[in-house]
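If you want the building blocks of each chain, they are given just below.
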Amino acid sequence: MKAAVVHEFKKQLQIEDVPKPTPGLGQAVVRIEACGVCHTDLHAVHGDWPVKPKLPLTPGHEGVGVIEELGEGVTHLKVGDPVGIPWLYSACGHCEYCLSGRETLCPDQHNAGYSVDGSYADYCLADANYVVKIPDILSFIEAAPLFCAGVTTYKALKVSDTKPGDWVAIFGIGGLGHLAVQYAKAMGLKVVAVDTFEDKLELARKLGADLTVNPKETDAGKWIQEKIGGAHASICTAVSKAAFGQAYQAVRRGGSCVAVGLPPETMEVPIFDTVLNGVKIVGSIVGSRKDLQETLQFAADGKVKAITQTRRLDEINDIFAELESGEVNGRIVLDFSKQ
Ligand code: NAD
Ligand code: ZN
Ligand code: ZN
């Protein structure tokens, strides 16, 4: 089968012929139909973060397709079921986090396209207990971005401690952010969208953002404070230290600043303002299988729809270059029917 493989950090991916996986006990092999390209995949191939991925690596954690083969002991799935393989490839199932619905914090987890091979390939091996079924009404292309970008932003909004009618400021209107705007509107929130590219702000307005601001022209944090008295929460998906600073400044007293983007830098936080203003700073990492089911249901109900451009797997190095320079509007999805 074909797979995109990186052998050395910061080097180009190679399209290679690799052995098709076979499922062991409790595993499934998924025939990949589509896979979204997340900025995390770029961090992975660059080796950006303190915890490094395995090498050689096949990236991809928004892979969706149909169950091709099941290993021994899997009874809750059948061949042909439409499923996706999220970032949370598996967790231990018995630690305090797994037992309390916080499986994304499990210290003994594997991550698709990071610690194990992911879905930039014709077939992908999965832990059958951690694949999530796709509602029939969604196409594979529509579903793929929800497996990371969708669930991550939906979960970030859940932990933002906001209620309908509140203001949320979304920093970074890329793959994650354009879905964050839609989930926020579907949850009854008012949205300020922040991005350095005008076409992304235009997209945010089309998707229902109430206000937009470009930090290249305006101090976004200060502007949000003056315009609406500060946001009840800000969600920072931008791969930029400066954006995290502004997302913090945009929050009103008692509000939350939810950190989602993962630039390999530190976030500077003024202690005095945090204490006096009772600001909460919250990290949010993807979402549980239950969060993912809810995420998919919003789309199945027609409340959220990823904006996608479909491309071929062999274009992956060009796609990474486009993502890095900020040229991508919405999410690029690898369409395996196009290969
Ligand atoms: P993306 O490249 O599609 O989007 C990033 C957006 O940020 C772009 O629209 C870009 O124009 C914008 N941006 C850049 N600098 C900015 C600034 N100073 N102010 C405002 N906007 C700015 O990337 P993505 O796929 O949406 O991923 C975003 C980040 O989130 C990555 O670091 C990724 O690793 C991380 N991520 C985190 C989780 C999680 O669970 N926490 C999950 C998925 C992705
Ligand atoms: Zn991702
Ligand atoms: Zn666990």
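Residues numbered from 1 in each chain as written. Chains lettered and ligands numbered in written order. Predicted model: local features only at pLDDT ≥ 70, side-chain atom pairs only at ≥ 80, totals over all residues. Heavy atoms only, no water.

Caption draft 1: Quick look at the domain arrangement of the chain. Domain annotation of the chain identifies domain 1 (2-148 + 287-338) and domain 2 (150-283). Measuring from the centre of the C-alpha atoms in domain 1 to the corresponding centre in domain 2 gives 26 Å. Counting from both sides, the interface comprises 26 residues of domain 1 and, opposite them, 23 residues of domain 2. Roughly 2100 Å² is buried in total at the junction of domain 1 and domain 2, and carbon and sulfur atoms are behind 58% of that figure. Per-residue buried area on domain 1 facing domain 2 is highest for Cys148, Phe298 and Asn329; these three make up 22% of the total on that side. Between Lys155 and Asp291 there is a salt bridge, with its nearest N and O atoms 2.8 Å apart. The tally of links between domain 1 and domain 2 comes to 16 residue pairs in polar contact (both at pLDDT 80 or more). For the side of domain 1 that touches domain 2, the secondary-structure elements that each account for two or more residues are α1 (39-46) and α10 (289-300). By residue number, the principal contributor to the side of domain 1 that touches domain 2 is α10, which donates five residues. Of the residues that constitute the side of domain 1 that touches domain 2, the class distribution is eleven nonpolar, nine polar and six charged. (Domains from an automatic or database assignment. Contact = heavy atoms within 4.5 Å. Buried area = accessible area lost by both parts, 1.4 Å probe. Salt bridge = Lys/Arg side-chain N within 4 Å of Asp/Glu carboxyl O. Polar contact = N/O pair within 3.5 Å; in protein donor to acceptor, adjacent residues only side chain to side chain. Helix = DSSP H or I, 4+ residues; strand = E, 2+ residues; numbered from the N terminus. Nonpolar A, V, L, I, M, F, W, Y, C, P; charged D, E, K, R; others polar.)

Caption draft 2: Quick peek at the coordination of the zinc ion (ligand 3). Bound to the zinc ion (ligand 3) are the protein donor atoms Cys92 (SG), Cys95 (SG), Cys98 (SG) and Cys106 (SG), situated 2.3 to 2.4 Å from the metal. What the four donor atoms of the zinc ion (ligand 3) show is an angle range of 106 to 115° at the metal, which sorts the shape as tetrahedral. Sequence positions of the donors to the zinc ion (ligand 3) reduce to the motif C-x2-C-x2-C-x7-C. One end of the pair, Cys95, is in the loop between β6 (88-90) and α2 (96-99); the other, Cys106, is in the loop between α2 and β7 (110-111), and eleven residues separate them in sequence. Residue class for Cys95 comes out buried when judged on its relative accessible area of 15%. On the basis of relative accessible area, Cys106 is assigned to the buried category, the value being 2%. (Donors = N, O, S within 2.8 Å, 3.2 Å for Na, K, Ca; no water. Tetrahedral: all angles 85-135°; square planar, octahedral: opposite > 155°, others 65-115°. Buried < 20%, exposed > 50% of the residue type's maximum accessible area, 1.4 Å probe, protein only.)

Caption draft 3: The arrangement of the site of ligand 1 in detail. Of all residues adjacent to ligand 1, which total 31 residues, the nearest are His39, Thr40, Asp195, Val286 and Arg331. Within the side chain of Ser240, one N or O atom sits 3.2 Å away from a nitrogen atom of ligand 1. For ligand 1, whose free accessible area comes to 860 Å², the fraction covered by protein is 93%. At the level of elements, α1 and α5 (175-186) are the ones that each hand at least two residues to the shell around ligand 1. (Near = heavy atom within 4 Å. Areas by Shrake-Rupley, 256 points an atom, 1.4 Å probe, with all protein chains shown as cover.)

Caption draft 4: Just the packing of α1 against helix α11 (residues 316-324), in detail. Axis separation between α1 and α11 bottoms out at 10 Å; the angle between their running directions is 105°. The angle between α1 and α11 falls in the class roughly perpendicular. In this structure, α1 contributes His39, Asp41, Leu42, Val45 and His46 to the contact, and α11 contributes Phe320, Leu323 and Glu324. In the contact of α1 with α11, the residues fall into four nonpolar, two polar and two charged. (Axes fitted to C-alpha atoms, helices over the stretch in contact; angles between N-to-C directions. Parallel < 35°, antiparallel > 145°, perpendicular 65-115°, else oblique.)

Caption draft 5: How the structure looks around the sheet that holds strand β10 (residues 167-171). Spatial strand order, β12-β11-β10-β13-β14-β15: six strands in an open sheet with parallel pairing. The sheet is open, and its two borders are formed by β12 (211-213) and β15 (280-283), each paired with just one other strand. Adjacent strand axes in the sheet meet at a mean angle of 20°, parallel and antiparallel pairs treated alike. Contacting β10, β13 (231-236), β14 (251-259) and β15, helix α8 (residues 241-249) runs over the sheet at an angle of about 150° to β14. (Pairing = 2+ DSSP bridges.)

Caption draft 6: Local environment of the side chain of Thr153. By the secondary structure assignment, Thr153 is in helix α4 (residues 149-158). Within the local environment of Thr153, its side chain forms a polar contact with the backbone oxygen of Ala149, the two atoms lying 2.8 Å apart. Leave out the neighbours within four places in its chain, and Thr153 touches Leu176, Leu179, Ala180 and Tyr183.

Caption draft 7: Summary view of the side chain of Gln246. Residue placement: Gln246 occurs in helix α8. Each residue touching Gln246, except ones within four places of it in the same chain, is listed here: Phe171, Pro215, Ala220 and Gly221.

Caption draft 8: A look at a nonpolar patch on the surface. A cluster of nonpolar side chains, contributed by Ile271, Phe272, Val275 and Leu276, occupies part of the molecular surface with about 490 Å² of accessible area. Under the relative-accessibility criterion, Phe272 is labelled exposed at 61%. (Patch = residues over 30% accessible without salt bridge, like charges linked within 9 Å, V, L, I, M, F, W, Y side chains within 5 Å.)

Caption draft 9: Representation of the coordination of the zinc ion (ligand 2) within the structure. Taken together, the protein ligands of the zinc ion (ligand 2) are Cys38 (SG), His61 (NE2) and Cys148 (SG), with distances of 2.0 to 2.3 Å. Motif for the zinc ion (ligand 2), donor spacing along one chain: C-x22-H-x86-C. Placement of Cys38 in the loop between β3 (27-36) and α1 and of His61 in the loop between α1 and β4 (63-70) is noted, with a sequence separation of 23 residues between them. Of the two residues, Cys38 and His61, neither departs from the other in class, the shared state being buried.

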